[in-house]
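Residue-level structural notes
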Amino acid sequence: MKFKSLGTALTTAALIGTALTGAVATAGTASAASLPHDCSKAIVNVKAKETVNVRTSPKTTATAVGIWGKGRKGGICNDGKAYKGGSYKACGKSSNLWYYGGDKKDGWVPKTCINW
């Protein structure tokens, strides 16, 4: 599991966007830019119930950047806090709650598929 700090990169991107357009870009509720990623407060050694895609934002249409294999241990950032995003049905349940974390690659995973 490898956690990365996105705060500096997101702040830099926002400043560049403001300088180029003269306006501040706003993010929707479910965008990764609007949600904190505090991986210094992580729950570790949690397992995936099923193999799930790790995504760039908390919605099923977001780009998959990796997978978290069934039974593999990984970590969940933000002390295990779940965030609202796109609705889904996964691992036998429906929800709109997502965790940020992973095993090899970090991103958004459906809450219903993670055991802890």
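Structure: see above.
Notes on the structure follow. Residue positions are given per chain, counted from 1 along the sequence in the order it is written. Only residues with pLDDT of 70 or above have their local features reported here, since the model is predicted, and side-chain atom pairs are shown and tallied only from 80 upward, although totals for entire chains, interfaces and linings are computed over all residues. Remark: hydrogens and water are excluded; side-chain values derive from all non-hydrogen atoms of the structure.

Here we come to the state of the cysteines. Counting rule for disulfides: a pair of cysteine sulfur atoms within 2.5 Å. Within this structure, the stated rule accounts for two disulfides. Covalent S-S linkage joins C39 and C77, the inter-sulfur distance amounting to 2.0 Å. Its S-S torsion of approximately 85° makes the covalent link between C39 and C77 right-handed. Of the two residues, C39 is situated in the loop between α1 (7–21) and β1 (43–48) and C77 in the loop between β4 (73–76) and β5 (83–90); the sequence distance between them amounts to 38 residues. A residue is classified by how much of its surface remains accessible, and C39, at 13% relative accessible area, is buried. Using a 1.4 Å probe on the protein chains alone, a residue whose accessible area is under 20% of its type maximum counts as buried, one over 50% counts as exposed, and one in between counts as partly exposed. Note on C77: relative accessible area 0%, which makes it buried. Across the disulfide from C91 sits C113; the S-S distance is 2.0 Å. Taking the sign of the S-S torsion, about 110° here, the bridge from C91 to C113 comes out right-handed. Note that C91 is positioned in the loop between β5 and β6 (93–102) and C113 in the loop between β7 (107–110) and β8 (114–115), a separation of 22 residues in sequence. Note on C113: relative accessible area 1%, which makes it buried. The way it works is that DSSP assigns letters per residue, a run of H or I at least four long becomes a helix, a run of E at least two long becomes a strand, and they are numbered from the N terminus.

So, on to the side chain of N78. Inspection of the secondary structure puts N78 in the loop between β4 and β5. Look at N78 and you get buried, because its relative accessible area is 10%. Two N or O atoms count as a polar contact when they lie within 3.5 Å, although within protein this holds only if one can serve as hydrogen donor and the other as acceptor, and sequence-adjacent residues are included solely when both atoms are side-chain atoms. For N78, the side chain forms a polar contact with the main-chain nitrogen of D38, separated by 2.7 Å.

We now examine the environment of W98. Within the element layout of this structure, W98 appears in strand β6. Under the relative-accessibility criterion, W98 is labelled buried at 1%. Separated by 15 residues in the primary sequence, W98 and C113 have C-alpha atoms spaced 9.5 Å apart. Within the structure, W98 has its side chain in polar contact with the backbone oxygen of P58 (distance 3.3 Å).

When two rings of Phe, Tyr or Trp (its six-membered ring) have centres within 6.5 Å they constitute a pair, described as stacked for plane angles under 30 degrees, edge-to-face for angles over 60, and tilted for the intermediate range. Applying the stated rule across the entire model yields four aromatic pairs. Taking 5.0 Å as the distance between ring centres and 70° as the angle between the ring planes, the aromatic pair formed by Y88 and W98 counts as edge-to-face. Remark: W98 occurs in strand β6 and Y88 occurs in strand β5; sequence separation between them is ten residues. Both rings, one in Y100 and one in W108, keep their centres 5.2 Å apart while their planes meet at 70°; by these two values the pair is edge-to-face. With respect to burial, Y100 and W108 carry one shared label: buried. Every member of this aromatic cluster is reached through a ring pair, and the members are Y83, Y100 and W108.

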